[in-house]
Amino acid sequence: MKTRLTAAGAALLALLVAVLAFGQPARAAAGFSVAGGKLYDANGTEFIMRGVNHAHTWYPQQTRSFADVKALGANTVRVVLSNGDRWTRNTNADVANVIATCKANRLICVLEVHDTTGYGEQSGAITLDRAVDYWLSLADVLVGQEKYVLVNIGNEPYGNQNYGSWATDNANAIKRLRAGGLTHTIMVDAPNWGQDWSFTMRDNAASVFAADPARNTVFSIHMYGVFDTAAEISDYLGRFRAAGLPIVVGEFGFNHSDGDPDEDTILAYSQANGIGWLGWSWSGNGGGVEYLDLATNFNPASLTTWGQRLFNGANGIRLTAREASVFALPPPPTTAPPTTPPPTTAPPTTPPPTTAPPTTPPPAGGCTATYTVTNQWQGGFQGEVRVSAGATAITGWTTRWTLANGQSVTQSWNAALTSSGSAVTARNLEYNGRLAAGASISFGFLGGWTGSNPAPQVSCTAS
């Protein structure tokens, strides 16, 4: 169903009054938090999602997808899970593995239960209350991950019928999660298959936000055929901005069976106004919407038209994504590393050494760099270089290394990387050159190899 957006001054006024009435809390340091309609990470740095959705519950063997979307520049992945009512339950061990994989690839993880999709209209769909049962059963793997994980209670929790209890049900779900000890930022989806053509979420968002004792809730709108004009997109998102309520575009596409969404405006408006978004979806779509695959057969080297637009186009991921600042510090140890083997087309090989840390400390104002192979398969690999400032702060850095015969670098992120023959140079970008004394930052890249894949020595020059 599709409805045009119209003016709703009274509803907007109600949103403003409600927000002003309960105010905004100070930001917490334990994990993500919300203040003034914006999302902040555990360091108090504003975080704007730029990423994709990944259908993990239907393709649990595709764990390499996390590294692939990171390599293309994403800073967030929204992960489809099931509580077991409609699809096979993602176990506690599996969810712990997903979180560990996100962290290993320096991605923020938004976890969602998909079994709620279309409740009230879709046969077999479950209630939000049932989804909360699942989240509470995962407490042992969620608690302690607040810096890296957001909990999206349930995907598109109502269809186009019987959605009148959306506000009450979400408020109650949030209260249960808080009473159960989950302090993560919570994300709630709109009704009407996520598109809120009835404005139920828009007009009741303030009351749901106020129901969260932590005031740490983000709202998610899904933009498909209902949002096919610039006016509709800017009006809907603009009302949340004006009300000081946090909003992200949790799903959207470049085409859909219900109409042609205006993806250019979604991307441009979001970039201009600091709004996060997550494109649908990495790969594996069926049921007539295969055109929404960003990559063909989970292959990052085979992006579709939609994938090229989202990753490489104007206002896309490569040009706008910024890694969460919590990854600028050495990541904490992960409990369970990924256990699912990579696809058989890329069998794992014995990894090379992760190279030699510097044997002498950097001079004051200087820097050092270490090179690590984070993932490897036949003919290809993913690498990371960590740059560390010396005894005093620096304002910029340049790293250099020499490739061995048969090695190449094909893509990079979080650095301006160039190569000339076997010589590789990587310099800081505008946002990650300044490092306090002793602080570190990392950048990554994809490469190829033949014969062997030795780890080179990396030099670092500070400015």
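Residues numbered from 1 in each chain as written. Predicted model: local features only at pLDDT ≥ 70, side-chain atom pairs only at ≥ 80, totals over all residues. Heavy atoms only, no water.

Peer 1: I tried to follow the pattern of salt bridges on my own but got confused; where do I start?
Peer 2: Pairing between side chains of opposite charge can happen when their charged atoms approach one another. Applying the stated criterion across every chain, the model contains 16 salt bridges. Between Arg64 and Asp68 there is a salt bridge; the shortest N-O distance is 3.4 Å. Here Arg64 and its partner Asp68 are both found in helix H2 (residues 64-71), four residues apart, which amounts to about one turn of the helix. Sharing partners across several salt bridges, the network here consists of Asp85, Asp129, Arg130, Asp133 and Arg176. (Salt bridge = Lys/Arg side-chain N within 4 Å of Asp/Glu carboxyl O. Helix = DSSP H or I, 4+ residues; strand = E, 2+ residues; numbered from the N terminus.)

Peer 1: Can you walk me through the environment of Glu121 in this structure?
Peer 2: By the element assignment, Glu121 lies in the loop between strand S5 (108-113) and helix H4 (128-137). Along the sequence, Glu121 and Trp193 sit 72 residues apart, while their C-alpha atoms lie 9.7 Å from each other. Setting aside its immediate chain neighbours within four residues, Glu121 contacts Gly159, Asn160, Gln161 and Trp193. Among the polar contacts made by the side chain of Glu121, one reaches the main-chain amide nitrogen of Asn160 at a distance of 2.5 Å. (Contact = heavy atoms within 4.5 Å. Polar contact = N/O pair within 3.5 Å; in protein donor to acceptor, adjacent residues only side chain to side chain.)

Peer 1: How should I be thinking about the packing of helix H7 (residues 200-211) against helix H8 (residues 230-243) in this particular structure?
Peer 2: Two packed helices can be described by the angle between their axes and the distance between those axes. Their axes nearest at 11 Å, the elements H7 and H8 cross at an angle of 5 degrees. Overall, the two elements H7 and H8 adopt an arrangement that is roughly parallel. Residues Met201, Arg202 and Ala205 of H7 touch H8, and the partners they reach there are Asp235, Tyr236, Arg239 and Phe240. A breakdown of the residues in the contact of H7 with H8 according to their chemical character gives four nonpolar, no polar and three charged. (Axes fitted to C-alpha atoms, helices over the stretch in contact; angles between N-to-C directions. Parallel < 35°, antiparallel > 145°, perpendicular 65-115°, else oblique. Nonpolar A, V, L, I, M, F, W, Y, C, P; charged D, E, K, R; others polar.)

Peer 1: I would appreciate a short explanation of unusual backbone geometry in the present structure.
Peer 2: Of all residues except glycine, most have a negative phi; of all peptide bonds, most are trans. At the junction of Trp280 and Ser281, the peptide bond is cis and its omega measures out at -20 degrees in the coordinates. Relative to the helices and strands, Ser281 resides in the loop between strand S10 (276-279) and helix H10 (305-312). In the Ramachandran plot, Arg106 falls in the positive-phi region, its phi being about 60 degrees despite a non-glycine side chain. With respect to the secondary-structure elements, Arg106 resides in the loop between helix H3 (92-104) and S5. Owing to a relative accessible area of 6%, Arg106 belongs among the buried residues under this scheme. With a phi angle near 55 degrees, Asn162 is a residue other than glycine that sits in the positive phi range. Mapping Asn162 onto the fold places it in the loop between strand S6 (149-152) and helix H6 (166-179). (Buried < 20%, exposed > 50% of the residue type's maximum accessible area, 1.4 Å probe, protein only.)

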